[in-house]
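# Overview (structure and organization)
Listed below, chain by chain, are the residues.
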Amino acid sequence: MIFFEPFQQAFNTLHRQGLNQYCRMVRDQFERSMTKPQRPHGLIISEQNANGVKAELLSWRQDAPRRYVVYLHGGGYVLGSIETHRELAAQIALRANARVLIIDYHLAPEGPYPSGLNDAEAAYRWLLDIGVPPSQIAIAGDSAGGGLTLALLQRLKASNSPLPAAAVYLSPWVDLTCSSPSLDTNTATDMILNKAQMQSFARVYAGQKPLDHPGVSPLFGELEGMPPSLIQVSRQELLLNDATRLADRLEKAGVITHLSKWSQMPHVWQMLHRYLLQSDEALKEIGEFLQQRVAGDE
């Protein structure tokens, strides 16, 4: 064993370097393939420095209610940005009659755990710093952003910080061990996600932490005391069981939870409101949930 350990350490280092390079390559390909989305007409965009985190505050009216949503974008902790998810965040602002703070949190491999989580917490605390009460704030996110949403709530609760009024999870990725059965059973029906790629992203994001660490995979963390939660997921996607397992654990912890399962939809279909009636319906459900659960100053 004395002779094996240095070789094992060297192998692990080379393996991690290879994963880092792979993730950067995927990100470069993703960014090159993305057509820069047009900014929605009529959307009011206010650039913000949220405690050192680049952010945009989105609303459709200057006098929009002081109902806020911190939005955490998806992309496997490796991809995504304000640009890629601005339109989705804007639609949530429209349907919830709210102001949405969308942030550019640090991505792996340059920013492994807990960099993105630190940024999410900083942005949430910025809203508190400018005088927004927790009763007027929700946290929402899709895919990896859904996992980051749950990890943020758990961190806030562990530090006895005030929790927001509600949480919204869109196809959340909350188990980075990739042990949910649907990652195998739904392979043929999910045209977007890829288990092998997800496993690579998970290892790069986790850094030196084990994949089942609650900060990395918040499904394994404490769920008691979480705010009322809406979870939307497609029955055909790889993350189906991440969503159903989360809903089950939240309910067992006594959390008000609504699991909304949709048929024949792609991963994070809510982004396709221009093309899919079901996307528009899902956004309407999100808006109604947030208006019911999050106070404004109307």
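Residues numbered from 1 in each chain as written. Predicted model: local features only at pLDDT ≥ 70, side-chain atom pairs only at ≥ 80, totals over all residues. Heavy atoms only, no water.

## Regarding a nonpolar patch on the surface
- A cluster of nonpolar side chains, namely M271, L272 and Y275, defines an oily patch on the protein surface of about 310 Å² accessible area.
- Along the polypeptide, M271 turns up in the loop between β8 (257-262) and α8 (277-293). (Patch = residues over 30% accessible without salt bridge, like charges linked within 9 Å, V, L, I, M, F, W, Y side chains within 5 Å. Areas by Shrake-Rupley, 256 points an atom, 1.4 Å probe, with all protein chains shown as cover. Salt bridge = Lys/Arg side-chain N within 4 Å of Asp/Glu carboxyl O. Helix = DSSP H or I, 4+ residues; strand = E, 2+ residues; numbered from the N terminus.)

## Let's talk about unusual backbone geometry
- Here the bond from A108 into P109 is cis, since omega is 5 degrees, no more than 30 degrees from zero.
- The topology assignment puts P109 in the loop between β4 (99-103) and α3 (115-129).
- The linkage connecting Y113 with the following residue, P114, adopts the cis geometry, with an omega of 5 degrees.
- Positive phi values are uncommon outside glycine, yet N97 reaches one of about 50 degrees.
- As for its position among the elements, N97 is in the loop between α2 (82-96) and β4.
- Taking the relative accessible area as the measure of exposure, N97 reaches 23% and is therefore partly exposed.
- Phi at V268 is positive, roughly 50 degrees, even though this residue is not glycine.
- Tracing the sequence through the fold places V268 in the loop between β8 and α8. (Buried < 20%, exposed > 50% of the residue type's maximum accessible area, 1.4 Å probe, protein only.)

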